[in-house]
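Coordinates in review
Each chain, letter by letter, is given below.
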Amino acid sequence: MKTSLFVFAAVVAAAFGLTNLAQAQYGPGPGPGPGPGSPYGGYPAMPGMAMPTGYGPEAQAPMVAIPEQAPLSEAIESYCEPGYGCNKWFVFGEYLYLRARSAEVAWAVPIDGATDADPLVRPPVQAGRVGVADLDNQPGYRLGAGFIINEASSISATYTEWQGNTHDVLSATAGNVLRPLVTHPSTFNAASDYLDGRANYGMGFKNIDLDYHSLFAYCCDYQIGYTLGLRYAELQQNFRADFAANGTEFVQTDMNFYGAGLKAGLDGERYNYSRNLFVYGKTFLSLLGGESRAAYLQGGSFDPVIAQTSWKAGRLVTIYDLELGAGWQNDCGNVRLSIGYMYSTWYNVTRTN
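This structure is a prediction, so every number in the text was calculated from the model and none was measured.

**Re the overall build of the protein**
Looking only at helices and strands, one finds two helices and twelve strands in the protein. From first element to last, N terminus to C terminus, the protein shows the α and β order α-α-β-β-β-β-β-β-β-β-β-β-β-β. The long-range share in the protein, meaning contacts at least 24 apart out of those at least 6 apart in sequence, stands at 70%. Put simply, the protein shows about 20900 Å² of open surface, and 61% of that area lies on carbon and sulfur atoms.

Set out below in structure tokens:
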């Protein structure tokens, strides 16, 4: 597209120059009226017609210099506006498809018949897979908008939300029973083994970011910048397991973290020759001071409250984000599509298990 524009501009410029030259050669003369002069010197002027300027016995038409076409790379450089260009506002949306790892909960296991009420006296012998509530990939989103201060600086606000849910089911085969792994160990008795069980587990987080972003190195081939900002974060975990035999029993937990703090990061982009394709990378580190709260409840059909407790403590949570990807943008750079892989780790949070 840029090459076509350049060639078209060169043609227009050449046509404009030839028009001016024609006007200089065949413009109005000193005679009574305008008329076409002979392109060959030596012929007398016809009556009522003027001799063209530049074709007299003592005059010679000057040579016209044809401008040399600039290289394509120079054309692209002159067309490119490095940094943010002349844009002022921007909005963006991202579809997230994330999986929470290192957050699974082992909740029950089949054993080969009833054992001693105290597992430490006679440990149970497993007779099947361990029931694990492990989250799979779940969708989320990120929305943001910002204002461009100048060609190298911007401010933005971003909201991110992700929710994940999973469930797991176990049933004991003949001669075996289910032994819960999430009930209080001091509550084991002869009725603590079951035939069927089901677990539900959910997790989600919400982030609000206010960022100042600035480029410290940029041209038409690449740009490198840094981010300084503030982050507010919430992390929620909910778990429930239900067991059934002659009676029922359940375990339910809720765990939440709320915190806010500082955020800093680096990012960079590298463009191809036409600037339509690019690769990018960015990394951020957030230090959040906040509070963790947890609650535990164990109950059953014969006793609604078998064990109950809660816990609350201050936490300093570190969030590390790393993202790599590639994308496409239009010629103006104000429409962009990209795809990437994001790795986000939350350190020092209290986990359900």
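**A word on the side chain of Asn-276**
By secondary structure assignment, the location of Asn-276 is in the loop between strand S9 (248-271) and strand S10 (277-300). Ignoring any residue separated from it by four or fewer positions in sequence, one finds Asn-276 in contact with Gly-327, Trp-328, Gln-329, Asn-330 and Asp-331.

**Considerations on the side chain of Asp-209**
Tracing the sequence through the fold places Asp-209 in strand S7 (residues 196-218). A polar atom in the side chain of Asp-209 sits 2.6 Å from the side chain of Arg-231. Setting aside residues no more than four positions away along its own chain, Asp-209 makes contact with Ser-156, Ala-157, Thr-158, Leu-230, Arg-231 and Lys-263.

**Some points on the pattern of salt bridges**
If the charged atoms of two oppositely charged side chains come close together, the side chains can form a pair. Under the defined criterion, the tally for this structure stands at eleven salt bridges. A salt bridge links Glu-94 to Arg-142; the nearest nitrogen and oxygen atoms lie 2.6 Å apart. With Glu-94 in strand S1 (residues 89-98) and Arg-142 in strand S4 (residues 138-150), the pair connects residues that are 48 residues apart, well separated along the chain. Here Glu-94 falls in the partly exposed class, since its relative accessible area comes to 25%. Across the pair Arg-129 and Asp-168 runs a salt bridge whose closest N-O atoms are separated by 2.9 Å. Remark: Asp-168 occurs in strand S5 (residues 153-171) and Arg-129 occurs in the loop between strand S2 (105-111) and strand S3 (131-133); sequence separation between them is 39 residues. Arg-129 sits in the partly exposed class, given a relative accessible area of 44%. Taking the relative accessible area as the measure of exposure, Asp-168 reaches 11% and is therefore buried. Through salt bridges with shared partners, one network takes in Asp-209, Asp-211, Arg-231, Lys-263 and Asp-321.

**A word on unusual backbone geometry**
One non-glycine residue, Arg-275, lies in the positive phi region at around 70°. Relative to the helices and strands, Arg-275 is located in the loop between S9 and S10. One non-glycine residue with positive phi stands out, namely Asn-348, at about 65°. Turning to its location among the elements, Asn-348 is positioned in the segment after strand S12 (336-347). By relative accessible area, which is 46% here, Asn-348 ends up partly exposed.

Calculation notes
Counting starts from 1 at the beginning of each chain's written sequence and moves along it residue by residue. In view of the model being predicted, local features appear only for residues whose pLDDT reaches at least 70, and side-chain atom pairs are presented and counted only at 80 or more, with totals across whole chains, interfaces and linings using the full set of residues. Side-chain figures throughout are based on the complete set of non-hydrogen atoms in the structure, without hydrogens or water. The secondary structure listing takes helices from DSSP runs of H or I that are at least 4 residues long and strands from runs of E that are at least 2 residues long, numbered from the N terminus. Contacts are assigned to residue pairs that have any heavy atoms within 4.5 Å of one another. Where accessible areas are quoted, they stem from the Shrake-Rupley method and a 1.4 Å probe; at the residue level, only the protein chains shown are allowed to cover. Pairs of N or O atoms within 3.5 Å make up the polar contacts considered here, provided that, within protein, one atom can donate a hydrogen while the other can accept it, and that residues adjacent in sequence are counted only when both atoms are side-chain atoms. Whenever Lys or Arg places a side-chain nitrogen within 4 Å of a carboxyl oxygen from Asp or Glu, that contact is recorded as a salt bridge. For each residue, the accessible area found with a 1.4 Å probe, counting protein chains only, is set against the maximum for its type, and the residue is called buried under 20%, exposed over 50%, and partly exposed in between.

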